[in-house]
Amino acid sequence: MATAGRNTLLSASLTVNNSAAESQNPEEDDGQNLWSSILSEVSTRSRSKLPSGKNVVLMGEVGSGKTTLVAKLQGVEEYMKGRGLEYLYFNVHDEDVDDHARCNAWVLDGDLYHKGLQKFVLSVDNLVDSLALFVVDLSRPWLALDSLQKWASVVRDYLDKLRVPPETMRELEHRLVKQFQEYVEPGSDLEAVPQRRNPESEEESIVLPLGDNTLTHNLGIPLVVVCTKCDAISTLEKEHDYRDEHLDFIQSHIRRFCLQYGAALLYTSMKENKNLDLLYKYLVHRLYGFPFNFPAQVVEKDSVFIPSGWDNEKKIAILHENFQTVKADDNFEDVIVKPPVRKFVHEKEIQAEDDQVFLVKLQTLLAKQPPVTAGRPVDTSNRAPTGSPRTTNRSAAANVANVMPMQSGTKKIDPNMKGGQTSEGVLANFFNSLLTKKAGSPGPGGQPAGGGSNTPGTVRKSGSKLGLTDVQAELDRISNKSDLDPSATTPPAENDES
């Protein structure tokens, strides 16, 4: 009894003392509650801050636009291109908590000689925070598929040499499969509900199994395929006669590759700033968990966007409906052939030599040539040694034969011929004028000259033309008459007239 009473008194005294202490120190309780709220807020903010150390590794052929793409994401117009391994970054801003972070961007050289530099970027510890981005030059589509397969094998070989623990690799692969299966195309219902970046609030959901040829080559890290220079599609259509079926054929093969690796596909253009903002938002969505509500785009041939988890074999088969001259199973290299290289002939620039040097050469050439006489050359071998150069044969027949051959028949010679007249023509004109005057003047008996005879061969009307036979007959008659009557040819004296 004594012991029980003693315990009851002790418990009562302790209760009184505690109640008295609480009543005496209310300010201390308020201070403790304040510190607790501050610590909880700091811990919450630390969990919501943007993580650091995220990496994007860009790989592609030389001249595909890797550095230019990162510069566009960074918002830089002037940049310097390097060799080997370039380091760039782009800023990430979270408006919910007003926090900033830098996403590392590593650009690997297109030469396979530098593929060993991946060890400075990818390690076992940061694989979970890394993303591979393959850049394809769409202005050279014949290299697209080979380039994708080449760089995928480069990453696969490096990861095999990295000796990632099997448990870690299985976790990475399972994460990609889960992300692919849980993809939901943005719709009106999901857009009405604001999405928050809170990975802890993920709930288990029922997922569908993977389809055929889907994630058969799982690298363990997210993969994005970016086709740059999509503005060159118009050039391919004009210069290389590419049609819509060729563009669909290229897209179908690239989408098959992306389906096997679980990659996203995006067409961009740096010149036209096409889909660059979309690429930025998708990258921060995959790396930082930002909300992303943009649907797939497959209508425009130069603005394709296919997020990871959206595509399947049935959707790719829609492109095959437009094929006319090609088949879906044709080899990529047999249809998309590299055009022949046009050899440009570079003409050598001809530089004019100095004027004085040119004139000296010209003078030397002129001195070597024989002198040339002015005018026509004269042949002195056939000339007579002395005397007149005229020939002795000056007969009318020879002149007529040399100058103008006489045609047979009754063709008469025109007495009015001026230039190039022959000797017979001159004689005919001369005697014709004499005969005209003779025939027109009356004789002493009031009759025309000629003894009053009016034969056809002797007398003609004034102004008529005479042939050569008439002239010869008249000449014979005049000569005979002059022999018989010498006074007929002598003109009368002045005394006789009186």
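Just so we're clear, the structure is a prediction, and the values are computed from it rather than from any experiment.

A. A look at unusual backbone geometry. The backbone of Asn213 shows a phi angle near 55°, a positive value even though the residue is not glycine. On the secondary structure map, Asn213 appears in the loop between α6 (188-192) and β5 (223-228). Residue Asn213 is classed as partly exposed on the basis of its relative accessible area, which comes to 41%. The backbone phi angle of Asn273 is positive, close to 55°, even though this residue is not glycine. Position of Asn273 relative to the elements: it lies in the loop between β6 (264-267) and α9 (276-288).

B. Geometry of the sheet that holds strand β7 (residues 305-306). Across the sheet, which stays open at both edges, the seven strands sit in the order β2-β3-β1-β4-β5-β6-β7 with mixed pairing between neighbours. Two strands lie at the open edges of the sheet, namely β2 (85-94) and β7, each paired on one side alone. By the bridge criterion, six bridges tie strand β4 (residues 130-137) to β5 in an arrangement that is parallel. Directly across from Val136, in β5, lies its bridge partner Cys227. Against the sheet, α9 engages β1 (55-60), β2, β3 (99-108), β4, β5, β6 and β7, with an angle of about 85° to β2.

C. Representation of the confidence of the model for the protein chain in the model. Summing up the model confidence of the protein chain, the mean pLDDT is 75 and the portion of residues at 70 or higher is 65%. Across residues 1-24 the pLDDT falls below 50, and counting only partners more than four positions away or on other chains, this stretch makes zero contacts in the model. Segment residues 488-498: pLDDT under 50, and two contacts once partners within four positions in sequence are set aside and those in other chains are kept.

D. Looking closely at α9. In this model, α9 (13 residues) spans 18 Å end to end at C-alpha, consistent with the 18 Å of a helix rising 1.5 Å per residue. Listing the buried residues of α9 in full gives Leu276, Leu278, Leu279, Tyr282, Leu283, Val284, Arg286, Leu287 and Tyr288.

E. Structural context of the environment of Val224. Structurally, Val224 can be placed in strand β5. Each C-alpha atom, one on Val224 and one on Phe134, is 6.3 Å from the other, the two residues being 90 residues apart in sequence. Look past the residues within four positions of Val224 in its chain and what remains in contact with it is Leu131, Ala132, Leu133, Phe134, Ala263, Ala264, Leu279, Tyr282 and Leu283.

F. Geometry of a nonpolar patch on the surface. Among the surface-exposed residues, Phe358, Leu359, Leu362 and Leu366 lie close enough to one another that they form a single nonpolar patch of about 370 Å² accessible area. Inspection of the secondary structure assignment puts Phe358 in helix α12 (residues 355-368). Taking the relative accessible area as the measure of exposure, Phe358 reaches 43% and is therefore partly exposed.

G. Geometry of α12. For α12, which comprises 14 residues, the first-to-last C-alpha distance of 20 Å matches the rise-based estimate of 20 Å (1.5 Å per residue) to within 8%. Burial runs low along α12: only zero of the 14 residues are buried. Where α12 begins, the capping side chain belongs to Asp354, and its oxygen is found 3.1 Å from the backbone nitrogen of Gln356.

H. Seen up close, the side chain of Glu86. Position of Glu86 relative to the elements: it lies in strand β2. Look at Glu86: it is buried, it has no salt bridge, and the nearest opposite charge is Lys66 at 6.8 Å. A distance of 3.1 Å separates the side chain of Glu86 from the backbone nitrogen of Gly82, its partner in a polar contact. When sequence neighbours within four positions are dropped, the list of residues in contact with Glu86 reads Thr67, Met80, Lys81, Ala105, Trp106 and Val107.

Calculation criteria
Residues numbered from 1 in each chain as written. Predicted model: local features only at pLDDT ≥ 70, side-chain atom pairs only at ≥ 80, totals over all residues. Heavy atoms only, no water. Helix = DSSP H or I, 4+ residues; strand = E, 2+ residues; numbered from the N terminus. Buried < 20%, exposed > 50% of the residue type's maximum accessible area, 1.4 Å probe, protein only. Pairing = 2+ DSSP bridges. Contact = heavy atoms within 4.5 Å. Axes fitted to C-alpha atoms, helices over the stretch in contact; angles between N-to-C directions. pLDDT = per-residue confidence, 0-100. Expected span 1.5 Å × (residues − 1). Patch = residues over 30% accessible without salt bridge, like charges linked within 9 Å, V, L, I, M, F, W, Y side chains within 5 Å. Areas by Shrake-Rupley, 256 points an atom, 1.4 Å probe, with all protein chains shown as cover. Salt bridge = Lys/Arg side-chain N within 4 Å of Asp/Glu carboxyl O. Polar contact = N/O pair within 3.5 Å; in protein donor to acceptor, adjacent residues only side chain to side chain. Lys, Arg positive; Asp, Glu negative; His and termini not counted.

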